[in-house]
Amino acid sequence: MSGDTQVQNPTPAPPSPSKVCLADMNPAELSAWCKTRDWPAFRGRQLFQWIHRGEDFPGMRNLPADMRARLGEIAVAQPVHIRLKRVSQLDGTVKFLFALADGNCVEGVLMHYHHGHTLCVSTQVGCRMGCAFCASTLEGCVRSLSAGEMLGQVLCANRHLREAGDPDPRVHNIVLMGSGEPLDNYDETCRFLRLLREEEGVCVGLRNVSLSTCGLVPQMRRFAGEDLPVTLSVSLHAPNDAIRRRLMPIARVYPIEEVLDASRFYVEKTGRRVIFEYALTEGINASPREAEELADRLRGLQCHVNLIPLNPVAERGLQGVTEDTVRRFQQTLERRHISVTRRREMGDDIEGACGQLRRSTLGRETKDMSEER
Ligand code: SAH
C-alpha cells in the first residue's frame, strides 16, 4: 500500500456502551432529557448545537462546568471514533474504519466531487441480505446501528475535513451505501434522516441524500409516505427474476415487477426519479441482450441507471467486466433512451469497495493475535 497515509487510533478509545447517547436525540428530546436531570430545558438546544458541531462535553463553553462534568459521567455526545483512515493518493478519497462503543466497526468513504464532499454511511454492522457479490454480507448482520451512530460517522468526517484544513469542512452529500440494508433498519434510518433535517444540525438537505436499497418492497412503499424526500437508489443488478435470483437472495421474496412497481410508487409520491444500480458481472448480466431486456423493463419509468463495474471480492468468485463491455451496455441503453451513467471509481488504491477495509483489517488483527500466542 505504498504512498498511502494510514493513521492508527487518531482519536481516543470508544466510550462505555452503557452511557446515554445524546446524538440519537433531536432538540425537543434533548430538552426533555435535560429536564429529567433537573437542568433547564433550553440546555437541550445548546447540547444539540454543540453535538452537531462535533464538540465533546469539555468544549461546550456555554454550559456550566458542573453540568459538563456530570454529562461526561452519564452520557456520550456521539459514539463513533475514527479507528483507522486511509487517504487515496489518486483522488484524495478517504476510507474510514469507524469504531463503535461496543467495539464493532463499520466503514465509511469520503469522496470529493465538484458538487462537494460526499460521505458513504453504513447503517448496520454487516448485512443479512446475502448478495452474491458483496463483501459486507459475508458474515451476516451483527447488529443495526442507531441514528446517533449514523450521525456520528458524519461528525467524524466533518472533523477530519476541519483537521485537514479543508476550505469548506463539512459533508455536503450523504449516500446510505455503506454496509447494511437501510430499510432493514427502518426506524433508525428514518430517525437519522430527520436529524439531518434539523435546522441547527449538520445541515445536509435531504435532496443531497441517497438511500440505497436491495428492494425491500413493503418498506419502499412505506418509506414513500414518510415525507423524507431523499433520492431512492434501488439495487436492481438484473433485467429479470432468473438472473436477479442468482445474485440477490431477496429476489426470491420480491419479484422484479414488484420492485419496479414500488419504485414507480416512490416516483409518484415524491416526484423524484429513482436510480437503478446495476453492477456489471461478466457472464451473468452484462451482455447487450441483458441491456435490451433492461431497457424494455424500464420503459416509461422516470429513472436513471447507474452502471457499476463489479468490484470483484476474492471470496465471491464473480468476475468484473472489461471497459468494452461497460461501454457496449451503456450505449445499448442510451440508444433505447434510458438515462444512464457509469459510476466513477474512486479510491481504487485504498480498498474503496464496500466491506473490504473492515474485512482486511479484522483479518489482519485476527492473524496478528494468533501470531502473538
Ligand atoms: N443494502 C443497500 C446498500 C448496499 S451498498 C443495497 O443493497 O442497495 C451500495 C451498492 O453497492 C449496492 O447497489 C450494492 O449492490 C453495490 N455493491 C455491493 N458490493 C459490490 C461489489 N463488489 N461491486 C459492485 N457493487 C457492489
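This section reports on the structure supplied with the text. (Residues numbered from 1 in each chain as written. Predicted model: local features only at pLDDT ≥ 70, side-chain atom pairs only at ≥ 80, totals over all residues. Heavy atoms only, no water.)

## Quick notes on the site of the ligand
Glu-181, Ser-212, Ser-235, His-237 and Asn-311 are the nearest of the 17 residues found near the ligand. In this structure, Phe-133 approaches the ligand through a main-chain N or O atom, which is 3.0 Å from a nitrogen atom. Contact between the ligand and Asn-311: a nitrogen atom at 2.8 Å from a main-chain N or O atom of the residue. Looking at the shell around the ligand, its residues break down into 8 nonpolar, 7 polar and 2 charged. (Near = heavy atom within 4 Å. Polar contact = N/O pair within 3.5 Å; in protein donor to acceptor, adjacent residues only side chain to side chain. Nonpolar A, V, L, I, M, F, W, Y, C, P; charged D, E, K, R; others polar.)

## Description of the side chain of Glu-290
Along the polypeptide, Glu-290 turns up in helix 9 (residues 288–298). A polar contact of 3.3 Å, which involves the side chain of Glu-290, links it to the backbone nitrogen of Ala-286. Each residue touching Glu-290, except ones within four places of it in the same chain, is listed here: Pro-239, Ile-243, Tyr-278, Ile-284, Asn-285 and Phe-329. (Helix = DSSP H or I, 4+ residues; strand = E, 2+ residues; numbered from the N terminus. Contact = heavy atoms within 4.5 Å.)

## Observations regarding the state of the cysteines
Here is the idea: a disulfide is a covalent bond, and it sits between the sulfur atoms of two cysteines. Scanning all chains against the criterion turns up 0 disulfides. This cysteine, Cys-131, is not joined by any disulfide, and Cys-214 carries the nearest cysteine sulfur, 5.7 Å off. Given a relative accessible area of 9%, Cys-131 falls into the buried group. (Disulfide = S-S within 2.5 Å. Buried < 20%, exposed > 50% of the residue type's maximum accessible area, 1.4 Å probe, protein only.)

## Comments concerning the packing of aromatic side chains
Tallied over the entire structure, the rule returns 5 aromatic pairs. Ring geometry for Trp-33 versus Trp-39: centroids 5.9 Å apart, planes at 55°, classification tilted. For Trp-33, a relative accessible area of 11% translates into the label buried. Relative to Phe-223, the ring of Tyr-186 lies with its centre 6.4 Å away and its plane at 90°, an arrangement referred to as edge-to-face. Taken as a pair, Tyr-186 in helix 5 (residues 186–197) and Phe-223 in helix 6 (residues 217–224) lie far apart in primary sequence, 37 residues in all. When its relative accessible area of 1% is taken as the criterion, Phe-223 is described as buried. Through pairs of rings, three or more aromatic residues link up here, namely Tyr-186, Phe-223 and Tyr-266. The ring of Trp-50 is capped by Arg-53, whose NZ or CZ atom sits 4.7 Å from the centre of that ring. (Phe/Tyr/Trp six-rings, centres within 6.5 Å; stacked < 30°, edge-to-face > 60°. Lys NZ or Arg CZ within 6 Å of the ring centre and 35° of its normal.)

## Some remarks on unusual backbone geometry
What you tend to see is this: most non-glycine residues have negative phi, and most peptide bonds are trans. Non-glycine residue Cys-203 carries a positive phi angle of around 55°. Along the chain, Cys-203 turns up in the loop between helix 5 and strand 11 (209–213). In this structure Cys-203 comes out as partly exposed when scored by relative accessible area, which is 41%.

## With respect to the pattern of salt bridges
The full count for this structure, using the stated rule, is 21 salt bridges. Salt-bridge contacts for Arg-264 lead to Asp-261; the nearest nitrogen and oxygen are separated by 2.6 Å. Taken together, the positions of Arg-264 and Asp-261, both in helix 8 (residues 256–270) and 3 residues apart, correspond to about one turn of that helix. Judged by relative accessible area, Arg-264 falls into the partly exposed class, the value being 28%. Note on Asp-261: relative accessible area 34%, which makes it partly exposed. Note that Asp-296 and Arg-299 form a salt bridge whose closest N and O atoms lie 3.9 Å from each other. Asp-296 gets classed as partly exposed once you look at its relative accessible area, which sits at 40%. (Salt bridge = Lys/Arg side-chain N within 4 Å of Asp/Glu carboxyl O.)

## Here we look at helix 8
The end-to-end C-alpha distance of helix 8, which contains 15 residues, comes to 21 Å, matching closely the 21 Å that a straight helix rising 1.5 Å per residue would cover. Those residues of helix 8 lying buried are Ile-256, Val-259, Leu-260, Ala-262, Ser-263, Tyr-266 and Val-267. Buried residues along helix 8 cover an arc of 160° about the axis, so they all sit on one side. Packed against the buried residues of helix 8 are helix 6, strand 12 (231–235), helix 7 (241–247), strand 13 (274–280) and helix 9. Directly after helix 8, the chain includes Gly-271, whose backbone phi takes a positive value near 70°. (Expected span 1.5 Å × (residues − 1). Arc of directions from axis to C-beta.)

## Focus on the pairing of strand 10 (residues 173–176)
Side chains Asn-173 and Val-175 project from strand 10 onto one buried face, and the interleaved Ile-174 and Leu-176 project onto a second face that is buried too. Where strand 7 (residues 116–120) and strand 10 come together, 3 bridges link them in parallel fashion. Bridging from a neighbouring strand, Thr-118 pairs with Asn-173 of strand 10. Where strand 10 and strand 11 come together, 3 bridges link them in parallel fashion. In the strand pairing of strand 11, Ile-174 is matched with Val-209. Read from strand 10 through helix 5 to strand 11, the crossover connection turns out right-handed. (Pairing = 2+ DSSP bridges. Right-handed = clockwise from strand over helix to strand, strands pointing away.)

## A short note on the packing of helix 4 (residues 147–163) against helix 5
For the pair helix 4 and helix 5, the least separation of the axes is 8 Å and the interaxial angle reads 45°. In terms of orientation, helix 4 lies oblique with respect to helix 5. Seen along the crossing, helix 4 lies across helix 5 with a hand that is right-handed. On helix 5, the residues that touch Ala-147, Met-150, Leu-151 and Val-154 of helix 4 are Glu-188, Thr-189, Arg-191, Phe-192 and Leu-195. Looking at the contact of helix 4 with helix 5 residue by residue, the classes come out as 6 nonpolar, 1 polar and 2 charged. (Axes fitted to C-alpha atoms, helices over the stretch in contact; angles between N-to-C directions. Parallel < 35°, antiparallel > 145°, perpendicular 65-115°, else oblique. Left-handed = near helix turned anticlockwise from the far one by under 90°.)

## Structural notes on the nonpolar core
Counting residues in hydrophobic clusters, the biggest one holds 109 residues, and the most contacted among them are Leu-22, Trp-33, Leu-47, Ile-174, Phe-192, Leu-193 and Phe-223. With 8 residues, helix 4 is the largest single contributor of residues to this core. A domain-level breakdown of this core finds at least three residues from each of domain 1 (19–76) and domain 2 (80–371). In this view, Ile-174 contacts Leu-119, Val-121, Val-154, Phe-192, Leu-196, Val-204, Asn-208, Val-209 and Ser-210; residues no more than four positions away in its chain are not counted. Counting 5 residues, the second-largest nonpolar core is a separate cluster that includes Val-109, Met-111, Cys-120 and Met-177. (Core = buried A, V, L, I, M, F, W, Y, C linked by side-chain atoms within 4.5 Å. Domains from an automatic or database assignment.)

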